[in-house]
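# Survey of secondary and tertiary structure
Here is what each chain is made of, one letter per residue.
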Amino acid sequence: MKTKKHYRGIKITYLEATNRIKFTDEWFEQSKIINFGYKYENTLNQAIDYLSNNGFNIIGYSEMKSDYVIFCDNWGDNCIKLKDIK
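Everything numeric here is computed off the predicted structure, so don't read it as measured data.

Now for the sheet that holds strand β5 (residues 67–72). Taken in spatial order, the five strands of this open sheet run β3-β2-β1-β5-β4, and their pairing is antiparallel. With one partner strand each, in any of the chains shown, β3 (30–35) and β4 (58–63) form the two edges of the open sheet. Taking each pair of neighbouring strands and ignoring which way they run, the sheet shows an average axis angle of 25°. With five bridges connecting them, strand β1 (residues 8–15) and strand β2 (residues 20–25) associate as antiparallel partners. If you follow Lys11 over to β2, its bridge partner there is Thr24.

So, about the pairing of β3. Burial along β3 is one-sided: the residues Gln30, Lys32 and Ile34 are buried and none of Ser31, Ile33 and Asn35 is. Here β2 pairs with β3 via six bridges, running antiparallel. When the sheet's bridge partners are listed, Phe23 is paired in β3 with Lys32. Hairpin remark: β2 followed by β3, antiparallel, with four residues in the connecting loop; positive phi at Glu29, about 50°.

All right, on to the packing of aromatic side chains then. Counted by the stated rule, this structure contains four aromatic pairs. Between Phe23 and Tyr50, the aromatic rings sit 5.1 Å apart at their centres with planes inclined by 40°, giving tilted as the arrangement. One end of the pair, Phe23, is in strand β2; the other, Tyr50, is in helix α1 (residues 43–53), with 27 residues separating them in the sequence. For the pair Phe23 and Tyr50, a shared accessibility class is recorded, and that class is buried.

Okay, the nonpolar core next. Counting residues in each nonpolar core, the largest one holds 17 residues, and the members touching the most others are Ile12, Phe23, Leu51 and Phe56. Elements that contribute at least two residues to this core include exactly β1, β2, α1 and β5. Tallying contributions element by element places α1 first for this core, with four residues. With residues near it in sequence (within four places) discarded, Ile12 still touches Ile21, Lys22, Phe23, Thr43, Ala47, Asp67, Tyr68 and Ile70.

Attention now goes to unusual backbone geometry. Within the chain, Asn19 stands out as a residue other than glycine whose phi angle is a positive 55°. Checked against the element boundaries, Asn19 lands in the loop between β1 and β2. The backbone phi angle of Glu29 is positive, close to 50°, even though this residue is not glycine. When its relative accessible area of 73% is taken as the criterion, Glu29 is described as exposed.

Calculation rules
Residues numbered from 1 in each chain as written. Predicted model: local features only at pLDDT ≥ 70, side-chain atom pairs only at ≥ 80, totals over all residues. Heavy atoms only, no water. Pairing = 2+ DSSP bridges. Helix = DSSP H or I, 4+ residues; strand = E, 2+ residues; numbered from the N terminus. Axes fitted to C-alpha atoms, helices over the stretch in contact; angles between N-to-C directions. Buried < 20%, exposed > 50% of the residue type's maximum accessible area, 1.4 Å probe, protein only. Phe/Tyr/Trp six-rings, centres within 6.5 Å; stacked < 30°, edge-to-face > 60°. Core = buried A, V, L, I, M, F, W, Y, C linked by side-chain atoms within 4.5 Å. Contact = heavy atoms within 4.5 Å.

Spatial relationships are all this shows, so hold off on functional conclusions.
In structure tokens form, the structure reads like this:
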């Protein structure tokens, strides 16, 4: 069996009551909340832009019932933690 590549998943949740976006990295037990920006069409586009602008190498995403999971391959020396981004 061929080994599959291991990606890091960041869960994206829109917090409707506060009009914010929550990023959750369960592996590192971290989360970050930012304001939703109306220049974006949706939560996913803003989340991808935000993570990409902070050095995350986005390789894909998955849409869940009420959340998204954005996949990146930042591990090891290239690992960026949510607590370290602005």
